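Structural description and commentary
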Amino acid sequence: MTTTDWITDIALLLVVFRQLREGRLDAKSYLIPLGIVAFVAHTYLDSVPTAGNDLVLIGTLVAVGAALGIAGGVYTRVRQVGTELYIKAGAVSAILWVLGMGARMGFQLWVDHGGADDVARFSLEHQITTGNAWVAAFVLMALTEVVTRLATIFVRGRMATREQRRAAGDGPRAAVAADRAV
């Protein structure tokens with residue numbers, strides 16, 4: 001692993017650790033993780049191989065990334081205080097994030113330190129045509145995990161805002177209805 005690999009992996013891990021403390025949901029909450037994965041995609045994703053079972057590998061890891069991202073977003077607390085939204089990653093969200101990012105980092109370390117022959121054998125047996133398929137699969141997994149987590153948080157934030165508006169709008173109506181009932 002290069003220094004850049006370590007820096008990007010650690011930066012992605014720190015994104016959720018930063019959210020273990022409740023903070024305001026703002027543009028930075030979206031732009032920082034999206035910027036990191038955009039950098040990773042630009043740096044490592046040259047192409048998406050489609051021969052053999054490359055797309056099966058890529059699709060499988062993208063699905064895993066989507067599941068981790070959605071679950072991570074669901075287990076991130078989203079609440080509204082006044083006109084502001086606040087988020088706080090729960091323990092489950094943090095564990096899922098570390099699991100996803102850690103699995104990619106662990107795989108890369110394993111390949112760099114003796115696992116390359118095993119991956120080559122597996123690839124040959126399962127018709128995965130190049131090492132680029134593995135790179136594309138893991139990069140797209142990370143991208144999908146980040147995007148689906150953020151999308152889930154965005155949707156949950158919109159729902160919280162809508163519920164608060166509805167509750168604020170129902171307040172006077174409920175009082176009038178209660179007065180009429182008496």
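Quick look at the structure, then. (Residues numbered from 1 in each chain as written. Predicted model: local features only at pLDDT ≥ 70, side-chain atom pairs only at ≥ 80, totals over all residues. Heavy atoms only, no water.)

Attention now goes to the nonpolar core. By size, the foremost hydrophobic cluster in this structure holds 20 residues, and its most contacted members are Leu12, Leu25, Trp97, Met101, Val146 and Ile153. Of all the secondary structure elements, the ones that give two or more residues to this core are α1 (3-18), α2 (27-44), β3 (84-89), α4 (91-125) and α5 (131-181). Each residue touching Met101, except ones within four places of it in the same chain, is listed here: Leu12, Leu13, Glu145 and Val146. Residues Leu57, Leu68, Ile128 and Ala136 belong to the second largest nonpolar core, which totals 15 residues. (Core = buried A, V, L, I, M, F, W, Y, C linked by side-chain atoms within 4.5 Å. Buried < 20%, exposed > 50% of the residue type's maximum accessible area, 1.4 Å probe, protein only. Helix = DSSP H or I, 4+ residues; strand = E, 2+ residues; numbered from the N terminus. Contact = heavy atoms within 4.5 Å.)

Using the criterion set out here, one finds six salt bridges in the structure. Its salt-bridge partner being Arg104, residue Glu145 comes within 3.1 Å of it at the nearest N-O pair. Here the residue Glu145 occupies a position in helix α5, and Arg104 occupies one in helix α4, the gap between them amounting to 41 residues. Exposure remark for Arg104: the relative accessible area of 10% places this residue in the buried category. A single salt-bridge network, built from bridges that share partners, covers Glu22, Arg77 and Arg79. (Salt bridge = Lys/Arg side-chain N within 4 Å of Asp/Glu carboxyl O.)

Turning our eyes to something else, we now look at the side chain of Ser123. Mapped onto the elements, Ser123 comes out in helix α4. The exposure class of Ser123 is buried, given its relative accessible area of 8%. In this structure the side chain of Ser123 is engaged in a polar contact, spanning 2.8 Å, whose partner is the side chain of Trp134. (Polar contact = N/O pair within 3.5 Å; in protein donor to acceptor, adjacent residues only side chain to side chain.)

Attention now moves to the pairing of strand β2 (residues 76-81). Bridging between β2 and β3 involves six bridges; their strand directions are antiparallel. Within β3, the residue paired with Val81 across the bridge is Glu84. Taken together, β2 and the strand that follows it, β3, pair antiparallel across an intervening segment of two residues, in which Gly82 is found at a positive phi of about 65°. (Pairing = 2+ DSSP bridges.)

Sheets are built from strands paired through backbone hydrogen bonds, the pairs being either parallel or antiparallel. Here we have three strands laid out as an open sheet, ordered β1-β3-β2, and antiparallel in their pairing. On the outer flanks of this sheet lie β1 (23-24) and β2, each paired with one strand and no other.

Okay, the packing of helix α3 (residues 54-74) against α4 next. Interhelical geometry of α3 versus α4 gives an angle of 160° and a closest axis separation of 8 Å. Relative to α4, the element α3 lies roughly antiparallel. Pair α3 / α4 crosses with left-handed handedness. The residues of α4 that touch α3, namely those facing Leu68, Ala71 and Gly72, are Ser93, Leu96, Leu99 and Gly100. Here the residues of the contact of α3 with α4 sort into four nonpolar, three polar and no charged. (Axes fitted to C-alpha atoms, helices over the stretch in contact; angles between N-to-C directions. Parallel < 35°, antiparallel > 145°, perpendicular 65-115°, else oblique. Left-handed = near helix turned anticlockwise from the far one by under 90°. Nonpolar A, V, L, I, M, F, W, Y, C, P; charged D, E, K, R; others polar.)

With glycine set apart, most residues show a phi of negative sign, and most peptide bonds adopt trans. One non-glycine residue with positive phi stands out, namely Gln127, at about 55°. One can find Gln127 in the loop between α4 and α5. Overall, the relative accessible area of 52% leaves Gln127 in the exposed class.

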